[in-house]
Amino acid sequence: MSAAPTTRPTVTEREARQVAEAAREQQWRKPSFAKELFLGRFRLDLIHPHPLPPDEDAQRGEEFLTKLRDFCETKIDPARIERDARIPDEVIDGLKELGALGMKIDTKYGGLGLTQVYYNKALALVGSASPAVGALLSAHQSIGVPQPLKLFGTQEQKDTFLPRCARTDISAFLLTEPDVGSDPARLATTAVPDGDDYILDGVKLWTTNGVIADLLVVMARVPKSEGHKGGITAFVVEATSEGITVENRNAFMGLRGLENGVTRFHQVRVPAANRIGPEGAGLKIALTTLNTGRLSLPAMCVGAGKWCLKIAREWSAAREQWGKPVALHEAVGSKIAFIAATTFALEAVLDLSSQMADEDRNDIRIEAALAKLYGSEMAYLMADELVQIRGGRGFETAESLRARGERGVPAEQILRDLRINRIFEGSTEIMHLLIAREAVDAHLTVAGDLIDPGKSLQDKAKAGAQAGVFYAKWLPKLVAGPGQLPSSYGEFKHGIDLSPHLRFVERASRKLARSTFYAMSRWQGRMETKQGFLGRIVDIGAELFAMSAACVRAELLRSRGEHGREAYQLADAFCHQARIRVDELFGRLWTNTDELDRKVVKQVLAGSYEWLEQGIVDPSGDEPWIADATPGPSPKENVHRPIR
């Protein structure tokens, strides 16, 4: 049995945090609705009236959606993709001809130049036909070569690579390694300068699109040396370069058509001209790319919610139990109401965040992260409820249903396909920490040195003075606000009254800020270890953001004469459901089992409960938990298969 590699950088917890901190955007140059929400300031003016795309952008987007819908209905066979665990080459070729590879690429490079709003609508549409196809397009454009080059590439790089990405070349993003996930400080893949080139060595894991990719964005560590700042750096790499081996095409519980693999680099020569940005900027590039790139996942979650609602409605009307449709039994009806209201809210969150991204007036790093977090969690819950509504048929595969003469509803498949979204591009647990860090940024800016053990007494005294000034102005504003005035937000009353929900959001926002301040005062430097508390703080913020977006979207639809009455009904239902969840989360901030759980975990790791594991067999074998990723030539066959 081979041992895990021993050549990886050894870093302390503090060093790892410093790497992550250096990579995040330090400044807030634009307003942020979500940031203000966490600070107890309900800035409805930042999202209402709901921003809208220019007419020409909407027209171009709608025209493409029409073509894409026809392609999805006539060219994509989702059952075949699920059965063969592969997207047919002709489907990928058809997507290239349609221009789908270049949805987000500017027209001057041969792309379609769609807005974020319409790019997301396209992903929701194609993802409803096949989540695997949606994942291919998303990975290519949201985090693959096009987006980093759009934000950080030189003009020469854009001229060289973007036309290829728009029409012919599939791209992939390579950051994760067998022993490196959300802790990039331990990144082991190296890029050693050699004249006008860099020499890449290392192994990358879970390379979505990597099996069929033509171009790769690779994150590698450049050693510090004379003339080289060093640090984690981003490169565009030709997938056919000598020394690159795709060693394995990975298989998963869902997204069975996903071309995701393990890629080894052995003495791969990459021109310095292919470096994106300066040395050491790789993580900042990755995180900035993800600020809007994360919106692709909730886009496909919205598509999944719409499909779950359609199936739940049709099935629950047709299926009868005890003399009436199952939808009219409260136990089932409550699930349908949850799916309908939540789908409306998810689309509201997605469209609002996307339109704000297009306008570029606001900093949406928190909004996009909340959309990803909330969308992935709620979509999975909706799919789970659909399986329950379908009963035994929900557990049966679509192929089996068809074989015995019933409609082939892939309910169990969508549950499997959606599960990865809670892990992709930042797991729920990591998203909680990432959002929490941004949410408390104002506090750390003025008082961070007070709780930093590495700071001198002089620094702490200076920070104390700054904090005193900030909190003297900020804390009194958390006592009262518009949420306590019965007349506030009266423009949201049209038959159904949504104004009480917005008043609730305003009050809850101030309560959230007070709770965060109290926790920081209580735990100080230990605050970052209170991940259960931080997760609940973020979840409350996500619910409040979704409530706000739902109300604003309902008012937009009403003002445009587009199902306004029904939109108000759905927003009202969602807000009532969300308020119950918010109240529960507030209660669990201080009444929970976090301390007890920590004690149990320590005993589990110490082996105190091994007796509880007796009476089973373990079929997983005794191979290493983490594969050996020692640099060197590959002993395996190259399974890379570019589609040409």
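This structure is a prediction, so every number in the text was calculated from the model and none was measured.

A. Inspection of the packing of aromatic side chains at higher detail. Applying the stated criterion to the full structure yields 13 aromatic pairs. Pairing Trp474 with Phe517 gives two aromatic rings, centres 6.1 Å apart and planes at 70°, and the pair type is edge-to-face. Here Trp474, found in helix α19 (residues 457–474), pairs with Phe517, found in helix α20 (residues 499–523); they are 43 residues apart in sequence, far enough to count as distant. Take Trp474: its relative accessible area is 3%, and that puts it in the buried class.

B. Representation of helix α17 (residues 428–439) in the model. Its twelve residues place the ends of α17 16 Å apart at the C-alpha level, agreeing with the 16 Å of an ideal helix rising 1.5 Å per residue. Every buried residue belonging to α17 is among Thr428, Met431, His432, Ile435, Ala436, Arg437, Glu438 and Ala439, and all of these are buried.

C. Representation of the side chain of His640 within the structure. You can see His640 is positioned in the segment after α23 (594–605). In terms of polar contacts, His640 uses its side chain to reach the backbone carbonyl oxygen of Ala213, at 2.6 Å.

D. View of the nonpolar core. With 137 residues, the main nonpolar core has Leu137, Leu544 and Phe574 as its most contacted residues. Looking at which element gives the most residues to this core, the answer is helix α21 (residues 531–559), with 16 residues. When near neighbours in sequence (up to four residues on either side) are disregarded, Leu137 contacts Leu95, Ala100, Leu101, Met103, Tyr119, Leu123 and Val126. Of all hydrophobic cores here, the second largest spans 25 residues; its members include Ile105, Val217, Ile276 and Leu290.

E. Here's a closer look at helix α6 (residues 116–129). Across its 14 residues, α6 extends 20 Å between first and last C-alpha, which sits within 8% of the 20 Å expected from 1.5 Å per residue. Where burial is concerned, most of α6 is hidden: twelve out of the 14 residues are buried. Considered for burial, the residues of α6 that qualify are Gln116, Val117, Tyr118, Tyr119, Asn120, Ala122, Leu123, Ala124, Leu125, Val126, Gly127 and Ala129. The inward-facing, buried residues of α6 abut α3 (55–75), α4 (78–84), α7 (131–143), α10 (282–293), α11 (296–318) and α12 (330–359).

F. Local environment of the environment of Pro131. Assignment of secondary structure puts Pro131 in helix α7. Between the C-alpha atoms of Pro131 and Gln413, which are 282 residues apart in sequence, the distance is 9.9 Å. In this structure, Pro131 is in contact with Leu255, Met300 and Asp417, ignoring residues within four places of it in sequence.

G. Just the confidence of the model for the protein chain, in detail. The predicted model of the protein chain averages 92 in pLDDT, with 95% of residues at 70 or higher. A low-confidence stretch, residues 1–6 (pLDDT under 50), is modelled with eleven contacts involving residues beyond four sequence positions or located in other chains.

H. Just a nonpolar patch on the surface, in detail. Judged by side-chain polarity, Leu596, Val600, Val601, Val604 and Leu605 come together as a nonpolar surface patch covering roughly 470 Å² of accessible area. Structurally, Leu605 can be placed in helix α23.

I. Up close: the packing of α6 against α11. Running from amino to carboxyl end, α6 crosses α11 at an angle of 50°, the nearest separation of the two axes being 7 Å. Taken together, the axes of α6 and α11 are oblique relative to one another. α11 is crossed by α6, and the crossing has right-handed handedness. Residues Asn120, Leu123, Ala124, Gly127 and Ser128 of α6 lie in contact with α11, whose contacting residues are Ser296, Ala299, Met300 and Gly303. The residue inventory of the contact of α6 with α11, partitioned by class, reads four nonpolar, five polar and no charged.

J. How the structure looks around the packing of α6 against α12. It is at 7 Å that the axes of α6 and α12 come closest, and there the two elements cross at 140°. Between α6 and α12, the crossing angle belongs to the class labelled oblique. On α12, the residues touching Gln116, Val117, Asn120 and Lys121 of α6 are Leu350, Asp351, Ser354, Gln355, Ala357 and Asp358. The residue makeup of the contact of α6 with α12, split by class, is three nonpolar, four polar and three charged.

K. Structural context of the pairing of strand β7 (residues 260–271). Summarising the sheet, strand β3 (residues 197–208) and β7 pair through nine bridges and their orientation is antiparallel. Bridging from a neighbouring strand, Thr207 pairs with Gly261 of β7. Alignment of strand β6 (residues 244–249) against β7, held across five bridges, turns out to be antiparallel. Pairing of Ile244 across the sheet is with Phe265, part of β7.

L. Highlighting the environment of Leu544. Tracing the backbone through its elements, the reader meets Leu544 in helix α21. Dropping the residues within four chain positions of it, Leu544 is found in contact with Leu37, Phe504, Val505, Ala508, Ser509, Leu512 and Val582.

M. Layout of the environment of Ile389. Inspection of the secondary structure assignment puts Ile389 in helix α13 (residues 365–390). Considered as a pair, Ile389 and Val332 are 57 residues apart in the sequence and their alpha carbons are 6.4 Å apart. Discounting chain neighbours no more than four positions away, the residues touching Ile389 are Ala312, Trp315, Ser316, Val332, Lys335, Ile336 and Ile339.

N. Spatial organisation of the pattern of salt bridges. For the coordinates displayed, the defined rule picks out 47 salt bridges. The salt bridge involving Asp194 is made with Arg269; its shortest N-O contact spans 3.0 Å. In this pair, Asp194 sits in strand β2 (residues 190–194) while Arg269 sits in strand β7, placing the two residues 75 residues apart along the sequence. Salt-bridge contacts for Lys306 lead to Glu347; the nearest nitrogen and oxygen are separated by 3.1 Å. Of this pair, Lys306 sits in helix α11 while Glu347 sits in helix α12, and the two are 41 residues apart along the sequence. Among the residues examined, Lys306 registers a relative accessible area of 38% and is labelled partly exposed. Salt bridges sharing common partners tie together Arg86, Asp89, Arg249, Glu259 and Arg641.

O. Examining unusual backbone geometry more closely. The omega torsion of the bond from His48 to Pro49 falls at 0°, within 30 degrees of zero and hence cis. Tracing the sequence through the fold places Pro49 in the loop between α2 (33–38) and α3. In the Ramachandran plot, Ala85 falls in the positive-phi region, its phi being about 55° despite a non-glycine side chain. Assessed through its relative accessible area of 24%, Ala85 is described here as partly exposed. Located in the positive-phi region is Tyr489, a residue other than glycine, with phi close to 60°. With respect to the element layout, Tyr489 can be found in the loop between α19 and β11 (493–494). A relative accessible area of 12% means that Tyr489 is categorised as buried.

P. Representation of the pairing of strand β5 (residues 231–238). With six of eight residues buried, β5 is to be regarded as a mostly interior element. Summarising the sheet, strand β4 (residues 215–222) and β5 pair through eight bridges and their orientation is antiparallel. The residue bridging Arg221 from the neighbouring strand is Ile232, located in β5. Across two bridges, β5 lies against strand β8 (residues 275–276) in antiparallel orientation. Paired with Phe235 across the bridge in β8 is Arg275.

Scoring rules and cut-offs
- Residues numbered from 1 in each chain as written.
- Predicted model: local features only at pLDDT ≥ 70, side-chain atom pairs only at ≥ 80, totals over all residues.
- Heavy atoms only, no water.
- Phe/Tyr/Trp six-rings, centres within 6.5 Å; stacked < 30°, edge-to-face > 60°.
- Helix = DSSP H or I, 4+ residues; strand = E, 2+ residues; numbered from the N terminus.
- Buried < 20%, exposed > 50% of the residue type's maximum accessible area, 1.4 Å probe, protein only.
- Expected span 1.5 Å × (residues − 1).
- Polar contact = N/O pair within 3.5 Å; in protein donor to acceptor, adjacent residues only side chain to side chain.
- Core = buried A, V, L, I, M, F, W, Y, C linked by side-chain atoms within 4.5 Å.
- Contact = heavy atoms within 4.5 Å.
- pLDDT = per-residue confidence, 0-100.
- Patch = residues over 30% accessible without salt bridge, like charges linked within 9 Å, V, L, I, M, F, W, Y side chains within 5 Å.
- Areas by Shrake-Rupley, 256 points an atom, 1.4 Å probe, with all protein chains shown as cover.
- Salt bridge = Lys/Arg side-chain N within 4 Å of Asp/Glu carboxyl O.
- Axes fitted to C-alpha atoms, helices over the stretch in contact; angles between N-to-C directions.
- Parallel < 35°, antiparallel > 145°, perpendicular 65-115°, else oblique.
- Left-handed = near helix turned anticlockwise from the far one by under 90°.
- Nonpolar A, V, L, I, M, F, W, Y, C, P; charged D, E, K, R; others polar.
- Pairing = 2+ DSSP bridges.

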